[in-house]
Amino acid sequence: MIYYIWLKSQSVDFVYLPAVSFSYLNEAGCKSVYEPDFLINGQLYEIKGDHFFNDAGQLINPYAKGKPLCLAKQQCMIDHGVTVLKKVDLLDAFSYIESMKIDISQYRIKRVNNEIDTHK
């Protein structure tokens with residue numbers, strides 16, 4: 001949400017949840033689908049909080065018991081040239097939200113007829 005609001009404030013041309021998906025086999029050997037968060041100037045981006053990575057920089061599922069590795073998904077992102085943005089990469093966006101005193105809890109982003117509609 002923060003990055004979306006910041007991109008809008010900077011008049012950056014972007015697509016949130018672009019119609020792009022990649023299939024891969026997860027650690028259980030099952031087919032999974034990965035969809036990046038943003039498309040900006042022809043580059044795909046994924047926002048991942050620091051809690052999605054272990055100390056070795058490997059993607060994990062922090063919400064599952066034992067925090068299992070998600071290396072197949074991470075490799076899928078790498079294979080397709082997706083840039084992963086972590087907290088350190090979003091400091092300008094965080095600063096903007098703070099300086100403008102924006103209450104992001106008031107925002108909702110949802111798809112409407114395959115378009116993104118933001119409501120405050």
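Preceding this section is the structure that the text describes.
Every residue gets a number counted from 1 within its own chain, in the order that chain's sequence is written. Owing to the predicted nature of the model, reporting of local features is limited to residues with pLDDT of at least 70; listing and counting of side-chain atom pairs is limited to 80 or more, with chain, interface and lining totals taken over all residues. The basis for the side-chain values is all heavy atoms of the structure; hydrogens and waters are excluded.

Side chains Ser32 and Tyr34 of strand S3 (residues 31-34) all project onto a buried face; the interleaved residues Lys31 and Val33 project onto a face where none is buried. Looking at chain direction, strand S2 (residues 22-25) and S3 are connected through four bridges and run antiparallel. Across the sheet, the residue bridging to Leu25 is Lys31, located in S3. Relative accessibility decides the category of a residue: with a 1.4 Å probe and only protein chains considered, values under 20% of the type maximum give buried, values over 50% give exposed, and everything between is partly exposed. Helical segments are the DSSP runs of H or I of at least four residues, strand segments are the runs of E of at least two, and each set is numbered from the N terminus. The pairing criterion for strands is at least two bridges between them, as found by DSSP.

Quick look at a nonpolar patch on the surface now. Side chains of Val88, Leu91 and Phe94 sit close together on the surface and give an oily, nonpolar patch of about 270 Å² of accessible area. Within the secondary structure layout, Leu91 lies in helix H3 (residues 91-99). Take Leu91: its relative accessible area is 43%, and that puts it in the partly exposed class. Here a patch means residues that are over 30% exposed by relative accessible area and free of salt bridges, tied together within 9 Å if like-charged and within 5 Å if nonpolar (Val, Leu, Ile, Met, Phe, Trp, Tyr). Here, Shrake-Rupley sampling with a 1.4 Å probe gives the accessible areas, and only protein chains in the shown set may cover a residue. Every case where a carboxyl oxygen of Asp or Glu lies within 4 Å of a side-chain nitrogen of Lys or Arg is listed as a salt bridge.

Moving on, we come to the packing of aromatic side chains. Aromatic rings from Phe, Tyr and Trp, with only the six-membered ring used for Trp, were paired whenever their centres fell within 6.5 Å, and each pair was classed as stacked if the ring planes differed by under 30 degrees, edge-to-face if by over 60, and tilted otherwise. Overall, the coordinates contain eight aromatic pairs when judged by the stated rule. Both rings, one in Tyr3 and one in Phe38, keep their centres 5.3 Å apart while their planes meet at 85 degrees; by these two values the pair is edge-to-face. Linking Tyr3 in helix H1 (residues 2-9) with Phe38 in strand S4 (residues 38-40), this pair joins segments that are 35 residues apart in sequence. A relative accessible area of 13% places Tyr3 in the buried class. Of the residues examined, Phe38 reaches a relative accessible area of 3% and is grouped as buried.

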